[in-house]
Amino acid sequence: MSSIIQLLPDHVANQIAAGEVVQRPASVVKELLENAVDARATDIKLIIKDAGKSLVQVIDNGIGMNVTDARLCFERHATSKIRQAEDLFDLHTKGFRGEALASIAAIAHVEMKTKQGQDELGTHIIIEGSKFVAQEPAVLPKGTSFAVKNLFFNIPARRNFLKSDTIELRHIIDEFHRVALAHPNIYFTMIHNGSEAFNLPQSNYRQRIVNVFSAKTNEKLVPVQEETEILTVHGFVGKPEFAKKNRGEQFFFVNDRFIKSGYLHHAVVAAFEGLLKDNAQPSYFLYLNVPPNTIDINIHPTKTEIKFDDEHALYAILRSSIKHSLGQFNVAPVLDFDRDPNLDTPYQYQNKAAEYPTIQVDSTFNPFANDSNDSELAKLKSVKSYSSDSSYRRQEVGANWESLYVGLKQETEEITSFSFETEEITASLFDDKEEEQTTKRTYQIHKKYIVSPIKSGMVIVDQSRAHQRVLYEQFLSNMTVKQASSQQLLFPLQLHFSPKEIELITELQLSLENTGFVFESVESDTIHISGIPVNTSESEVSIVLEQLISDLQDGIPDSSFCQNDTIAKSMAKSLAVRTGTYLTEKEQENLVNNLFACKEPNISPFLKPTFITMSVDDLDKKFSI
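No experiment lies behind these values; they were computed from the predicted model shown.

1. Here we look at the packing of aromatic side chains
Tallied over the full model, the rule gives 16 aromatic pairs. Here the aromatic rings of Phe 251 and Phe 258 are separated by 6.0 Å at their centres, their planes lie at 65°, and the arrangement is edge-to-face. Take Phe 251: its relative accessible area is 6%, and that puts it in the buried class. Classification of Phe 258 by relative accessible area gives buried; the value is 12%. Put simply, the rings of Tyr 205, Phe 213, Phe 251, Phe 253, Phe 258, Phe 285 and Tyr 287 touch in pairs and so form one group of aromatic residues. Above the plane of the ring of Phe 132 lies Arg 71, whose end atom (NZ or CZ) is 3.7 Å from the centre.

Structure follows, in structure tokens:
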């Protein structure tokens, strides 16, 4: 029988490997940016067209490559980062596998231009689907330029699985943030469809965070600094009052590499214990430096998961250092309410030796000298003479208070009898009818359920889900049928968001205006709202928008109806009455009546039952023996 196992051709193997390395345009951005950082570049430019589907280009001023390296870098497992297996446990670079460029070249049109500083000419290479089309010398500046065009041109199925441009661009921005935040000493620029999205000059860590997100981020940051034998931590955490419901601003960097770790995230949340609201997520930008031989990076294709030798020690150090920073900057409350914070010893003075104060003594001072004694006697005599010769006299109190009324004419008349009307007058428009006694129609149980009697028994309504259904249909009707009424604010409301969130709100601006919002202006990191929907308070506006952004993190729906439906659901969830809220009898009746006036009263917008009914027969069965 003939053999059936065959060695796959290189272009087929590269396409298979590309499925793990390149999942979307953001994967290409990540690999090319990390290669530029490894090339010791100080200026990196990212150019995007059509959310990376048409073009992803990275230009750097790094060390470049010679002719041989330029051709060899597109081969599988060809890398300059490691030489042997032991180097995997002493990594100081982003990449080390040598698969990225080969995988990218297998599924796209790649054009590379590179030149080393000492060479007169550079190399220009064009590859289409792992096939070298052209290679020629060219006059180029120092550094490397990678242009990846028509991603997944030879794998149409993968291209069809890509999301909308908005979603893909958001993933690209996330990858750009992860690399830019880890290297503030590099000048980063991002251009999308001809317009500049980010311009990040060289700076320190704090300024880089502020430049990436917004100027208002500066006041939210609390610095964290701790050095131990096994771990060095520095960075920033957000103040508890600025915590959000989503996890948009949570970054861990280990040896300048972005990672995801649920275990370390739990350590941060544990440090904020008692300071956060329910379901609120703290912001943090933490940079961890550990010995390279204590971590294993080669466990996931995206290199975002790391294994540590001693995770428990890292957990304890990270948690305690964040707790210490929150307490040091008076973010965490203390039990000693009479403590004077001005008397606290600063952290940097903790191990500083005390200095003795200097004392100066006047050896000639004598409190019993004759001249001072004589002057004291003179002062006493002057005081005595003033008190005896003073012209001040105390006014004598006159006659008693009764003398003030002497001479006034007093006329009094004694009242001997009183008369009142004894006939009771009870005028009424409806004297013939007896007053109807009103009975309570609804009851609230545990501030969660509303019970209302019906002919067959009773109906039990979940007040939160019922209110969600009522608000959902109101918002959806306002956005699709008629424009909602808005209540104008005396002073415009100013809210701050990151540029990515501002872009999301701008795309939803028309739909939000149909619900009752009035946007006065939308800036790069601030929005001004002059009107809000009826029955919405100013304090709830930021909650509604943050919840909406959190619900739309995976992207805005393509169709307008799905977009309106998502907004209506999000706003209904944010504004609905909560479980544990007391409702008056009038509010209970109004909620029940509005629920059964809805088109779909049986279920909430999230497909959960809003009420149940219990008949008299069901109650009889409960009491039957």
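2. Regarding the environment of Lys 573
Mapped onto the secondary structure, Lys 573 falls in helix 15 (residues 560-575). Remark: the alpha-carbon pair of Lys 573 and His 467, spanning 106 residues in sequence, is separated by 8.9 Å. Excluding residues within four positions of it along the chain, Lys 573 makes contact with Gln 468, Gln 547, Asp 551, Arg 578 and Phe 606.

3. Digging into helix 8 (residues 262-271)
Within helix 8, the full set of buried residues consists of Leu 264, His 265, Ala 267, Val 268, Ala 270 and Ala 271. The secondary structure elements touched by the buried residues of helix 8 are strand 11 (250-254), strand 12 (257-259), strand 13 (284-289), strand 15 (307-308) and helix 9 (311-328).

4. What about the environment of Pro 605?
Following the sequence through the fold, Pro 605 ends up in the loop between helix 16 (585-596) and strand 22 (611-615). The spacing of Pro 605 and Lys 573 is 32 residues in sequence and 8.8 Å in space, taken between C-alpha atoms. In contact with Pro 605, other than residues within four places in its own chain, are Gln 468, Arg 469, Tyr 472 and Lys 569.

5. Considering the sheet that holds strand 17 (residues 449-453)
A sheet is described by the order of its strands in space; here four strands give the open sequence 16-17-18-22, paired in antiparallel fashion. Edge positions in the open sheet fall to strand 16 (443-445) and strand 22, since each of these has one partner strand only. On average, each strand axis in the sheet is inclined to that of its neighbour by 25°, with strand direction left out of account. Bridging between strand 16 and strand 17 involves three bridges; their strand directions are antiparallel. Counterpart to Tyr 443 in the pairing with strand 17 is Val 451.

6. Observations concerning the pattern of salt bridges
Taken as a whole and judged by the stated rule, the model has eleven salt bridges. Between Glu 249 and Lys 244 there is a salt bridge, with the nearest N and O atoms lying 3.9 Å from each other. The burial state of Glu 249 is the same as that of Lys 244; both residues are buried. In this structure, Asp 462 and Arg 465 form a salt bridge, with 3.9 Å as the shortest nitrogen-oxygen distance. Classification of Asp 462 by relative accessible area gives buried; the value is 12%. Each member of the salt-bridge network shares a partner with another, and the members are Lys 30, Glu 31 and Glu 34.

Thresholds applied
- Residues numbered from 1 in each chain as written.
- Predicted model: local features only at pLDDT ≥ 70, side-chain atom pairs only at ≥ 80, totals over all residues.
- Heavy atoms only, no water.
- Phe/Tyr/Trp six-rings, centres within 6.5 Å; stacked < 30°, edge-to-face > 60°.
- Buried < 20%, exposed > 50% of the residue type's maximum accessible area, 1.4 Å probe, protein only.
- Lys NZ or Arg CZ within 6 Å of the ring centre and 35° of its normal.
- Helix = DSSP H or I, 4+ residues; strand = E, 2+ residues; numbered from the N terminus.
- Contact = heavy atoms within 4.5 Å.
- Pairing = 2+ DSSP bridges.
- Axes fitted to C-alpha atoms, helices over the stretch in contact; angles between N-to-C directions.
- Salt bridge = Lys/Arg side-chain N within 4 Å of Asp/Glu carboxyl O.

Any link to function would need more than the numbers given here.
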